[in-house]
Amino acid sequence: MRRPPLGPAWWVLVAGALVALFAMVFDVRTGGYLLAATTGLGALMRAVAPDRFAGAVAVRRRGTDVVLYGLVTIALIVVFTLVKL
């Protein structure tokens, strides 16, 4: 059984997550917001990109993926806004 290709969208999200984690070294809240922006970008890419571009970002049906990425984005924004670090 062959594994599907990761796709360009997956690499964009990995790069965004790495930038966010690096930013957390200097300022946790800014890095958290960057991570939320990355997951929001994942929701946007999953909503508009064809499945061959989305690659491994497409895990479930399109609507389910978009809603779950959106919920994670909202959760990250709330957490990094409310938690005093």
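Residues numbered from 1 in each chain as written. Predicted model: local features only at pLDDT ≥ 70, side-chain atom pairs only at ≥ 80, totals over all residues. Heavy atoms only, no water.

Student: Lay out the pattern of salt bridges with the relevant residues and their values.
Tutor: Scanning the entire structure with this criterion turns up two salt bridges. For the salt bridge of Arg 46 with Asp 65, the shortest nitrogen-to-oxygen distance reads 2.8 Å. Within this pair, whereas Arg 46 is found in helix α2 (residues 28–48), its partner Asp 65 is found in helix α4 (residues 62–82), the two being separated by 19 residues in sequence. The two residues Arg 46 and Asp 65 agree in class, both being buried. Ionic pairing is found between Arg 60 and Asp 65, a salt bridge with its closest N-O pair at 2.7 Å. (Salt bridge = Lys/Arg side-chain N within 4 Å of Asp/Glu carboxyl O. Helix = DSSP H or I, 4+ residues; strand = E, 2+ residues; numbered from the N terminus. Buried < 20%, exposed > 50% of the residue type's maximum accessible area, 1.4 Å probe, protein only.)

Student: Before we move on, could you go through α4 and cite the residues and values that matter?
Tutor: The end-to-end C-alpha separation of α4 is 30 Å, in line with the 30 Å expected for 21 residues at 1.5 Å each. Of the positions making up α4, those classed as buried are Asp 65, Thr 73, Leu 76 and Phe 80. Around the axis of α4, the buried residues are gathered within 70° of arc, so they sit on the same side. Turned more than 90 degrees away from the buried face of α4 sit Ile 74 and Leu 82, all of them exposed. Structurally, α4 contributes buried residues whose contacts are with α1 (8–26) and α2. (Expected span 1.5 Å × (residues − 1). Arc of directions from axis to C-beta. Contact = heavy atoms within 4.5 Å.)

Student: An account of the environment of Pro 8 is needed here, citing residue identities and associated values.
Tutor: Secondary-structure assignment places Pro 8 in helix α1. Its relative accessible area of 41% is what places Pro 8 among the partly exposed residues. Taking the C-alpha atoms as reference points, Pro 8 and Gly 31, separated by 23 residues in sequence, lie 23 Å from one another.

Student: Talk me through the packing of α1 against α2; I want residue IDs and the actual numbers.
Tutor: A packed helix pair is summarised by two numbers, namely the angle formed by the two axes and the spacing between the axes. Where α1 meets α2, the axes come as close as 6 Å, and the angle between the chain directions of the two elements is 170°. One element, α1, and the other, α2, form an angle in the roughly antiparallel class. Here Ala 9, Val 12, Leu 13, Gly 16, Ala 17, Ala 20, Ala 23, Met 24 and Phe 26 of α1 come into contact with α2, specifically with Val 28, Gly 31, Gly 32, Leu 34, Leu 35, Thr 38, Leu 41, Gly 42 and Met 45. (Axes fitted to C-alpha atoms, helices over the stretch in contact; angles between N-to-C directions. Parallel < 35°, antiparallel > 145°, perpendicular 65-115°, else oblique.)

Student: Got a sec to walk through the nonpolar core? Specific residues and values, please.
Tutor: Core analysis: the largest hydrophobic core is formed by five residues, namely Ala 9, Leu 13, Met 45, Ala 54 and Val 57. Contacts of Leu 13, omitting those with residues within four sequence positions, involve Thr 38, Leu 41, Gly 42, Met 45, Val 57 and Tyr 69. (Core = buried A, V, L, I, M, F, W, Y, C linked by side-chain atoms within 4.5 Å.)

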